[in-house]
Amino acid sequence: MKLITYAPKDAPTKEEVGILYTDDTVLSLRKMGFAFSSMNELIQCAAEREDGFLQEICAFQNNTPIKEAEIALRDVTLLSPIPRPLQDVICLGLNYEEHAKEASGYSRDAFSGGKEAAVYFSKRVTFSQGDGAPIPLHADLTDRLDYEAELALIIGREAKNVSPDEVKNHIFGYTVLNDVSARDLQTRHKQWLFGKSLDGFTPMGPCIVTADEIAYPPALSISCTVNGEVRQRANTNMLIHDIDEIVSELSQGMTLQPGTIIATGTPKGVAMGMQEPVFLKAGDVVACTIEGIGTLTNPVQA
Ligand code: MG
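Residues numbered from 1 in each chain as written. Predicted model: local features only at pLDDT ≥ 70, side-chain atom pairs only at ≥ 80, totals over all residues. Heavy atoms only, no water.

J.: Give a detailed account of the overall build of the protein, specifying residues and quantitative values.
T.: Looking only at helices and strands, the protein features six helices and 18 strands. Here the protein has a C-alpha radius of gyration of 19 Å; the compact-globule value for 302 residues is 19 Å, and the two agree. For the C-alpha atoms alone, the extent of the protein along its principal axes is close to 60 × 45 × 30 Å. A buried classification covers 56% of the 302 residues belonging to the protein. When contacts within the protein are restricted to residue pairs at least 6 apart in sequence, those whose partners lie at least 24 apart make up 75%. Carbon and sulfur atoms make up 48% of the accessible area of the protein, which amounts to about 13,400 Å² in all. Once the 26 positive and 41 negative side-chain charges of the protein are each reduced to a mean point, those two points are 4 Å apart. (Helix = DSSP H or I, 4+ residues; strand = E, 2+ residues; numbered from the N terminus. Rg over C-alpha atoms; globule rule 2.2 N^0.38 Å. Buried < 20%, exposed > 50% of the residue type's maximum accessible area, 1.4 Å probe, protein only. Contact = heavy atoms within 4.5 Å. Areas by Shrake-Rupley, 256 points an atom, 1.4 Å probe, with all protein chains shown as cover. Lys, Arg positive; Asp, Glu negative; His and termini not counted. Charge placed at Lys NZ, Arg CZ, Asp CG, Glu CD.)

J.: Residues and numbers for the coordination of the magnesium ion, please.
T.: Four donors placed tetrahedrally around a metal ideally meet at 109.5 degrees, and six donors placed octahedrally ideally meet at 90 or 180 degrees. In the first shell of the magnesium ion, the protein supplies E148 (OE), E150 (OE) and D179 (OD), at 1.9 to 2.1 Å from the metal. Taking the relative accessible area as the measure of exposure, E150 reaches 0% and is therefore buried. (Donors = N, O, S within 2.8 Å, 3.2 Å for Na, K, Ca; no water.)

J.: Give a detailed account of empty space enclosed by the protein, specifying residues and quantitative values.
T.: The final tally for this structure, using the stated rule, is two cavities of 30 Å³ or more. Estimates place the volume of the largest cavity at around 70 Å³. Around the largest cavity, the lining is made up of 17 residues, and of these G93, L94, H99, E148 and K196 lie nearest the centre. Contributing elements (two or more residues each) for the lining of the largest cavity: strand 6 (89-93), helix 3 (97-106) and helix 4 (183-188). (1 Å grid on protein atoms, 1.4 Å probe; cavity = no way out; pocket = protein on both sides within 12 Å on 5 of 7 lines; lining within 4 Å. Points joined across faces, edges and corners; volume = space filled by probe spheres on them.)

J.: An account of the pairing of strand 14 (residues 221-226) is needed here, citing residue identities and associated values.
T.: The buried fraction of strand 14 amounts to five of the six residues, a majority that puts the element mostly inside the structure. Here strand 14 folds back onto strand 15 (residues 229-235), and the loop between the two strands holds two residues, one of which, N227, carries a positive phi near 50 degrees. With five bridges connecting them, strand 14 and strand 17 (residues 285-290) associate as antiparallel partners. Counted as the bridge partner of I222 is I290 from strand 17. (Pairing = 2+ DSSP bridges.)

J.: An account of unusual backbone geometry is requested, with residue identities and associated values reported.
T.: Note the cis peptide between G205 and P206, where omega equals 0 degrees. If you trace the backbone, P206 turns up in strand 13 (residues 204-210). Here the residue pair Y216 and P217 is connected by a cis peptide bond, since its omega of -5 degrees sits within 30 degrees of zero. For P217, the position within the fold is in the loop between strand 13 and strand 14. Non-glycine residue L94 carries a positive phi angle of around 55 degrees. In this structure, L94 sits in the loop between strand 6 and helix 3. The buried category is assigned to L94, whose relative accessible area is 4%.

Right, here's the structure in full:
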């Protein structure tokens, strides 16, 4: 299933949880009899009821006349699938070989390491915007705004001291995340938190694809374009530290609750890796695509 959070265009302040049913149709879970106030509540419910719950929704979707629950996609605005994450996003830094090289070429001080031990950092996110919503330029704070297309996973069942071969049973699903970064803030301060956490720096979407629909471990093409020009192109099977390792390691002594979002790192091709970096400017359009999930497109706004 492709799960979404959306706002009906005739009630734009409402947030509803639904299913991206076809390319141009959405199903309202509320109208299907599953009333969730948020995606986080749905994920929590699925965790408590284990596998049966998502299958129940799926069976309903497949077997019941659902005309009443159908809404045309053009009549809704897609929001981030998780507009208000329960906690900050856990991020992997330097987790693709070629990206680690380009980053260390930009600043050896700020971007060393990553190969032997995973680089973990936190991305504060008060509000995540969805597909189509603008990325603020923050021109008063940065003139080195950069993009990072990433596969993000969402934890479905509490993970505590999980072994690598058990990790797949704890994943709820996957989405596309743009780890927007202010490189000057990131390198000026000793830690990356500030440069990664300005308002509007965590677009996600367009949907969460549930884990049952993606072969494990995910080997999906991932790309990013800026104004249609391809900047990043790789495959999620190129992670230095893979999902089994990341989740298992983090779960040793740190409980990962349902709804936890982990961004697995970005491949080569970010602006700071260019010979003469071309950072984002107002009016640019960034599109991050992952095979089987979709495209997350966001314009940069002054
Ligand atoms: Mg990143």
